[in-house]
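Understanding the architecture of this molecule
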Amino acid sequence: MLRHGVIHRYRKFMPVSEATRVITLNEGSTPMVPAYNLSALIHPRLEIWLKYEGLNPTGSFKDRGMTVAITKAVEEGFQAVCCASTGNTSASAAAYAARAGIKCAVLIPEGKIALGKLSQAMIHGARVIQIKGNFDDALRLVRDVAEKYPIALVNSVNPYRIEGQKSGAFEIVDDFQGVAPDFQAMPVGNAGNITAYWKGYKEYKAAGMAENLPRMLGFQAAGAAPIVLGHPVENPQTFATAIRIGNPASWKSAETARDESGGVIGMVTDHQIREAYELLARSEGVFAEPASAASVAGVVKLAESGFFDDVRPIASDHIRLVCILTGHGLKDPDSAIRVAEEPITIEAREEDVLDAIGLAEPALA
Ligand code: F0G
């Protein structure tokens, strides 16, 4: 299938007209990978699917929202956009602004964004501004600036971002021929994405495109879990830097998604995230960044608590669950190298190679 991007694919549901000049990098239409190995490991009745958002043009789900946000910013006459970011939003904003031929400024927490993301914002020519503070500080600053000056804010507080990101829900339902999964699991940071997916599912059902709605499962990192704790976290900490957020802008709508869907917003420790991160890569061959693995970590945790034991699935005898893998593993090579086994170094000799592979013993030869 030709990939035209989410605005073209779901035009009816998007805030554009015939006259709108669409800025796209052909985002969306990402693979749904059946996770046979993970399913078997986690729960006998679970049928887990991975929505691999890392295969978007800049390597994260942000592109779905950014195509709409930048398209509308250009339509409304803005010549510059700005955002606060833990990395992925800045990479996406920088790329789409470059394509549109407008300026982009990004505020990021100094020293706390993954290398791949930083390199993207830089190479696309954004003005990259590191602040001595965290994401919440950065967001407060850009909100103030965008209110006073002619620069469009492209964080998910911009409703156009949500409009674009809801397309992820449409794709999932389309992939299952009009049936939403029993559950959808995802990481929660600033809470725009859970808001967007829930909006998408509801709109699709209202339009007669989906039979049912899923239950929404969102997961925060334990060191950055304001929604779970019920209060902002002053100094959020987690190795999943993408979701290192202490005061999410879409807090209320995340709670609405949870409550209306009969879902859960829970938290997972860095240890659990790290285990899920490796498990995904090793058991399914799917490389997602640490924050994305929080969705799998959360599902493991719920399964262990017996959460799925009495669930009656909608479409088959298995409980269908989609994990949103929000960002590509290559965004954050440092984390992979820190978590995984180190490479070994040997002399360039055949016997050493055989020894290193484990082929030296006769039984294996
Ligand atoms: N996963 C990844 C890989 C992310 O980059 C983010 C957010 C999330 C999950 C959480 O999504 O904020 O909508 O709840 N990243 C933002 C950024 C904050 O600046 O790139 P959310």
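Before going into details, it helps to say that this report is about the structure given with it.

About the criteria used
Residues numbered from 1 in each chain as written. Predicted model: local features only at pLDDT ≥ 70, side-chain atom pairs only at ≥ 80, totals over all residues. Heavy atoms only, no water. Pairing = 2+ DSSP bridges. Helix = DSSP H or I, 4+ residues; strand = E, 2+ residues; numbered from the N terminus. Contact = heavy atoms within 4.5 Å. Axes fitted to C-alpha atoms, helices over the stretch in contact; angles between N-to-C directions. 1 Å grid on protein atoms, 1.4 Å probe; cavity = no way out; pocket = protein on both sides within 12 Å on 5 of 7 lines; lining within 4 Å. Points joined across faces, edges and corners; volume = space filled by probe spheres on them. Nonpolar A, V, L, I, M, F, W, Y, C, P; charged D, E, K, R; others polar. Near = heavy atom within 4 Å. Polar contact = N/O pair within 3.5 Å; in protein donor to acceptor, adjacent residues only side chain to side chain. Areas by Shrake-Rupley, 256 points an atom, 1.4 Å probe, with all protein chains shown as cover. Sits in = over half its atoms within 2 Å of the grid points. Core = buried A, V, L, I, M, F, W, Y, C linked by side-chain atoms within 4.5 Å. Buried < 20%, exposed > 50% of the residue type's maximum accessible area, 1.4 Å probe, protein only. Right-handed = clockwise from strand over helix to strand, strands pointing away.

This next bit is on the sheet that holds strand β3 (residues 80-84). Spatially, the 4 strands line up as an open sheet ordered β5-β4-β3-β6, and their pairing is parallel. Each edge of the open sheet carries a strand with a single partner, namely β5 (127-131) and β6 (152-153). With 5 bridges joining them, β3 and strand β4 (residues 103-109) adopt parallel strand pairing. Across the sheet, A84 pairs through a bridge with L107, a residue of β4. Along the sheet, helix α6 (residues 135-148) contacts β3, β4, β5 and β6; its crossing angle with β3, the most-contacted strand, is approximately 155°.

If you add up the space inside the largest pocket, you get close to 250 Å³. The wall of the largest pocket is formed by 14 residues, among which D136, D137, R140, G246 and N247 lie closest to the centre. Counted by class, the lining of the largest pocket contains 6 nonpolar, 3 polar and 5 charged residues. Its volume calculated, the second largest pocket comes out at about 200 Å³. Lining the second largest pocket are 14 residues, and of these G111, K112, F239, T241 and R338 lie nearest its centre. Per element, the largest residue contribution to the lining of the second largest pocket is 3 residues, and it comes from helix α14 (residues 333-339). When grouped by side-chain class, the residues that make up the lining of the second largest pocket number 4 nonpolar, 5 polar and 5 charged.

Moving on to the site of the ligand. The local shell around the ligand holds 21 residues, among which S85, G189, N190, A191 and T326 are the closest. One of the backbone N or O atoms of N190 is found 2.7 Å from an oxygen atom in the ligand. In this structure, an oxygen atom belonging to the ligand sits 3.2 Å away from a main-chain N or O atom of G192. Burial of the ligand by the surrounding chains reaches 99%, relative to a free accessible area of 480 Å². Judged by its atoms lying within 2 Å of the grid points, the ligand is housed in the largest cavity. Residue assignment for the shell around the ligand shows that the elements contributing at least two residues are α4 (88-100) and α9 (192-206).

Formed by 39 residues in total, the largest nonpolar core has its most connected members in I48, L50, L280, V299, F308 and L321. At the level of elements, α2 (36-42), β2 (46-52), β7 (183-187), β8 (215-221), α12 (270-284), α13 (290-304), β10 (319-325) and α14 are the ones that each hand at least two residues to this core. Not counting residues up to four positions away in its chain, the partners in contact with L321 are L46, E47, I48, W49, F183, A185, L217, V299 and F308. By size, the runner-up hydrophobic cluster in this structure holds 32 residues, among which are M32, V68, I194 and M216.

Right, let's get into the pairing of β7. Counting buried positions along β7 gives 5 out of 5 residues, so the element sits mostly inside the fold. Both faces of β7 are covered, namely the face carrying F183, A185 and P187 and the face carrying Q184 and M186. Of the strand pairs in this sheet, β7 and β8 are connected by 5 bridges, and their pairing is parallel. Following the sheet pairing, P187 is matched in β8 by F219. For the crossover from β7 across α9 to β8, the handedness is right-handed.

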